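One-letter residues, chain by chain:
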Amino acid sequence: MGGRGTVFVSRHAWASATPRLLWICMVYSLGSIFFGYDGASFGGVQAFSPFIQQFGNCKNGKCSLPGKLVSLMNSLPLIGKFIGTVIVGPLTERLGHKYTMGITCFAQIVGVIIQLTSHRPAQYTAGRIIIYTAVGLVENVVPTYESEIAPSPLRGFFVGSLQLFLTFGSLIAGIVNNSMSHYKTDFGWKLATGLQMLPAGLILIGLPFTPNSPRWLVSRGRREEALEVLRKIRTKEDVAAGVPEDEITALESASETTMRKGSWVELFQGTNRRRTCIASVMMAGQQLTGVTFSSSYGPTFYKQVGLGSMAFAYAAINNGVSVVTALMGMLLFDAVGRRDATIYGCLGQTLFLCLIGGLGAKKGRTTSETNGMVASFILYAAILHMTLGPAAYVTASEIGTAALREKTMAFATAINVVVGFVVVFTTPYLLSAPYANLGARLGYVWGGFSFLVAVWAFFLMPELKGRTLEEIDEIFEAKVPAWRFKSYETHGVQAEMAKIEAEGPKTTGEVDHREGSSINSKPVEERA
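Residues numbered from 1 in each chain as written. Predicted model: local features only at pLDDT ≥ 70, side-chain atom pairs only at ≥ 80, totals over all residues. Heavy atoms only, no water.

**Details of the overall build of the chain**
Inclusion rule: Secondary structure counts use DSSP, requiring at least four H or I residues in a row for a helix and at least two E residues in a row for a strand, with both numbered from the N terminus. Contacts are assigned to residue pairs with any non-hydrogen atoms lying within 4.5 Å of each other. Per-residue and other accessible areas follow the Shrake-Rupley method at a 1.4 Å probe size, with only the shown protein chains counted as cover for residues.
Counting secondary structure elements, the chain contains 26 helices and two strands. Counted over contacts in the chain with a minimum sequence separation of 6, partners at least 24 positions apart contribute 80%. By element, 65% of the accessible surface of the chain is carried by carbon and sulfur atoms, the whole surface being about 20400 Å².

Take a look at the structure:
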């Protein structure tokens, strides 16, 4: 089987995105709204006057949230996210993605209720910690589930939808914040906070009608259930040609590791160490290039640089543009690939982040310079949500071996949380007086990290576009350098299965003469 040198996804590959498969993935992807909405929502809510009056300090009729309190309310919830990433691996391995997703939704609802009934910063923050525990769970459950259930030529499309729903959640939050910011009562911030329960409720309604991952079922020895799932989500033509049976055969023959789950220690042994490092760098790079700064401190940043009257409007525009580019990213990863998208995306981020720093640092900015700074901020976020943002989730979810997929994703997300905690905790001190007071010059910091990630990706990031998860195992075992992944030829059952996924099963008149081929060599009745 040849490497993945093609640019366009085949017509058969797109046809494999059946309505049922699209619906199933949409139900799970709704979970990404949790993170997108909460981060952007609180970024605006913390600037609402009634919220500040409720939780801040008031003197002589003027109320404010102390910088230390803002830092704690934004950073402490990441403890919950860290907890979520630690427990998600064992939960998913034992219960499966479906039941873990149900637990996630209940945690989200409980956290929101605690926030709505709070009168002190500590209780409100406790609610956010529980919500972020759900975020830690959902950021692992959704991409690993979709990477396992989606056809390999469209894995970037399906897993990349996580970023689309995340930015869509941010867009909704931006619109809600812009509408509620004018309220002089607690109704504004409570409505903005309470809407977080809506996606959790919708998921709980749709979840009973979704299946468990076929790969998880195979790992639990439930072959017939896995086969039934594949028959329901694949096209009629593929089912008639026996492709689901071939997929099960490929899963079972890939390795004995598909029937067991590895320990945390194995993440750092053999070729798994390389996989773990790649996933971790991608997730850390996502934070170090300013993704949390963009989502959590957008309105605060605009106010700090003297654009307070338009802060919420600019944030809403920013989120709207990011939704469009996140949708473009879903198509980008299966066209140009993860590697090129990451490299050129990070270089684009570097450019606009440095423009933010340069234009924003000027004293007595002209109107055109201010507009240029705002445009740069929007374009930076747009590129981030089209490239590195989703690329981190796509890569981390697909790079782990079958025995360690959940743990690889969980560990990488934990790294994301730790780095994110540092970013969120330090940003108020870096951004505002009386501390570092960098203001717009903070763009230079994130721009520097963006450039470093681009350099790292050029030398060490492999291209996984179009590969089945089992092919990825084979290539890593062969210890292929990152720049040769795209052209490397895989062999055996996995290569045959990848070709069928990309080009479709053989028609009646096409006889398979490939020597040693173990699929499509028997009638469907015999294989069933």
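Right, picking up where we left off after that structure.
**Structural notes on the pattern of salt bridges**
The condition is simple: Salt bridges, as used here, are contacts in which a Lys or Arg side-chain nitrogen is within 4 Å of a carboxyl oxygen on Asp or Glu. Exposure is judged per residue with a 1.4 Å probe applied to protein chains only, and the accessible area is read against the type maximum: over 50% gives exposed, under 20% gives buried, and values in between give partly exposed.
One pass over the full model with this rule turns up 14 salt bridges. The salt bridge partner of Lys81 is Glu139, with a shortest N-O separation of 3.1 Å. On the criterion of sequence distance, the pair formed by Lys81 in helix α6 (residues 77-116) and Glu139 in helix α7 (residues 121-149) is long-range, its members being 58 residues apart. The class for Lys81 is buried, based on a relative accessible area of 1%. Its salt-bridge partner being Glu398, residue Arg338 comes within 2.9 Å of it at the nearest N-O pair. Taken together, the positions of Arg338 in helix α19 (residues 338-360) and Glu398 in helix α21 (residues 388-398) put the pair 60 residues apart, joining distant regions of the chain. Assessed through its relative accessible area of 1%, Arg338 is described here as buried. Since its relative accessible area comes to 1%, Glu398 is described here as buried. Through salt bridges with shared partners, one network takes in Arg155, Asp334, Arg338 and Glu398.

**Describing the state of the cysteines**
Convention followed: When the sulfur atoms of two cysteines come within 2.5 Å, that pair is taken as a disulfide.
In this structure the tally under the stated criterion is one disulfide. The disulfide partner of Cys58 is Cys63, and the gap between their sulfur atoms is 1.9 Å. Handedness here is read from the sign of the S-S torsion; for Cys58 and Cys63, about 105°, the answer is right-handed.

**Observations regarding the packing of helix α2 (residues 19-29) against α7**
Convention followed: All axes are obtained by fitting lines to C-alpha atoms, using only the stretch in contact for helices, and the reported angles, taken between N-to-C directions, cover 0 to 180 degrees. Here the angle decides the label: under 35 degrees means roughly parallel, over 145 means roughly antiparallel, 65 to 115 means roughly perpendicular, and every other value means oblique. Handedness of a crossing is defined here by the sense of rotation of the near helix relative to the far one, left-handed for an anticlockwise turn of less than a right angle and right-handed for a clockwise turn. In this classification, the charged set is Asp, Glu, Lys and Arg, the nonpolar set is Ala, Val, Leu, Ile, Met, Phe, Trp, Tyr, Cys and Pro, and all remaining amino acids, among them Gly, are polar.
Between α2 and α7, the least distance of the axes is 9 Å, while the angle of their chain directions is 165°. When the axis of α2 is compared with that of α7, the two are roughly antiparallel. Crossing handedness for the pair α2 and α7: left-handed. Counting all contacts with α2, which are made through Leu21, Ile24, Cys25, Tyr28 and Ser29, the residues of α7 involved are Val141, Val142, Tyr145, Glu146 and Ile149. Counted by class, the contact of α2 with α7 contains eight nonpolar, one polar and one charged residues.

**Side note on the packing of aromatic side chains**
Note the cut-off: Two rings from Phe, Tyr or Trp (for Trp, the six-membered ring) form a pair when their centres sit within 6.5 Å of each other. Planes less than 30 degrees apart are called stacked, planes more than 60 degrees apart edge-to-face, and all others tilted.
In this structure the tally under the stated criterion is 15 aromatic pairs. Judged by centre distance (5.4 Å) and plane angle (90°), the rings of Phe157 and Phe158 are edge-to-face. The exposure class assigned to Phe157 is buried, which follows from its relative accessible area of 14%. Judged by relative accessible area, which is 2%, Phe158 ranks as buried.

**Notes on the side chain of Ser75**
Looking at the secondary structure, you find Ser75 in helix α5 (residues 67-75). Once residues lying within four places of it in the same chain are set aside, the contact partners of Ser75 are Phe421, Val424 and Phe425.

**Side note on the packing of α6 against α7**
Two elements in contact, α6 and α7, have axes separated by 4 Å at closest approach and are oriented at 150°. What the angle tells us is that α6 and α7 run roughly antiparallel. Crossing handedness for the pair α6 and α7: left-handed. Looking at the contact of α6 with α7 residue by residue, the class counts come to 23 nonpolar, 17 polar and four charged.

**Brief notes about helix α9 (residues 187-194)**
Residues Gly188, Trp189, Ala192, Thr193 and Gly194 constitute the buried set of α9. Contacts from the buried residues of α9 go to α3 (32-45), α4 (49-55), α6, α7, α8 (155-180) and α10 (197-206).

**Things to note about the confidence of the model for the chain**
The line we're drawing: pLDDT is a residue-level measure of predictor confidence that goes from 0 to 100.
This prediction gives the chain a mean pLDDT of 83; 86% of its residues lie at or above 70. By mean pLDDT, the top-scoring element of the chain is helix α15 (residues 271-288) (95), and the lowest-scoring one is helix α26 (residues 524-527) (42). For residues 508-528, every residue scores under 50 in pLDDT, and the model assigns this stretch 29 contacts once sequence neighbours within four places are set aside.

**Looking at the environment of Thr395**
Turning to its location among the elements, Thr395 is positioned in helix α21. Relative accessible area serves as the criterion here: at 2%, Thr395 is assigned to the buried category. The residues touching Thr395, leaving out its near neighbours within four places in the chain, are Ile278, Met282, Arg338 and Met461.

**Regarding the environment of Ala200**
Among the structural elements, Ala200 can be located in helix α10. For Ala200, a relative accessible area of 0% gives the class buried. The spatial distance from the C-alpha of Ala200 to the C-alpha of Leu30 is 8.0 Å, given a sequence separation of 170 residues.

**Quick notes on the side chain of Lys98**
Rules: Under this rule, positive means Lys or Arg and negative means Asp or Glu; His and the chain ends count for nothing.
As for its placement among the helices and strands, Lys98 is situated in helix α6. Glu225 provides the closest opposite charge to the buried, salt-bridge-free Lys98, at an N-O distance of 9.0 Å. Setting aside residues no more than four positions away along its own chain, Lys98 makes contact with Tyr28, Leu207, Pro208, Thr210 and Asn212.

**Examining α21**
The buried count for α21 comes to 11 of 11 residues, which makes it a mostly enclosed element. For α21, every residue scored as buried is listed here: Leu388, Gly389, Pro390, Ala391, Ala392, Tyr393, Val394, Thr395, Ala396, Ser397 and Glu398.

**As for unusual backbone geometry**
One non-glycine residue with positive phi stands out, namely Lys479, at about 55°. Mapped onto the elements of the fold, Lys479 is located in the loop between α24 (469-477) and α25 (492-503).

**Details of the environment of Glu398**
Put simply, the rule reads: Under this definition, polar contacts are N or O atom pairs within 3.5 Å; protein pairs additionally need one hydrogen-donor-capable and one acceptor-capable atom, and for neighbouring residues in sequence, both atoms have to be side-chain atoms.
Taking C-alpha positions, Glu398 is 8.4 Å from Pro143, a pair spaced 255 residues apart along the chain. Leaving out residues up to four positions away in the same chain, Glu398 has contacts with Arg155, Arg338, Leu464, Leu469 and Ile472. A polar side-chain atom of Glu398 sits 2.6 Å from a polar atom in the side chain of Arg155. In terms of polar contacts, Glu398 uses its side chain to reach the side chain of Arg338, at 2.9 Å.

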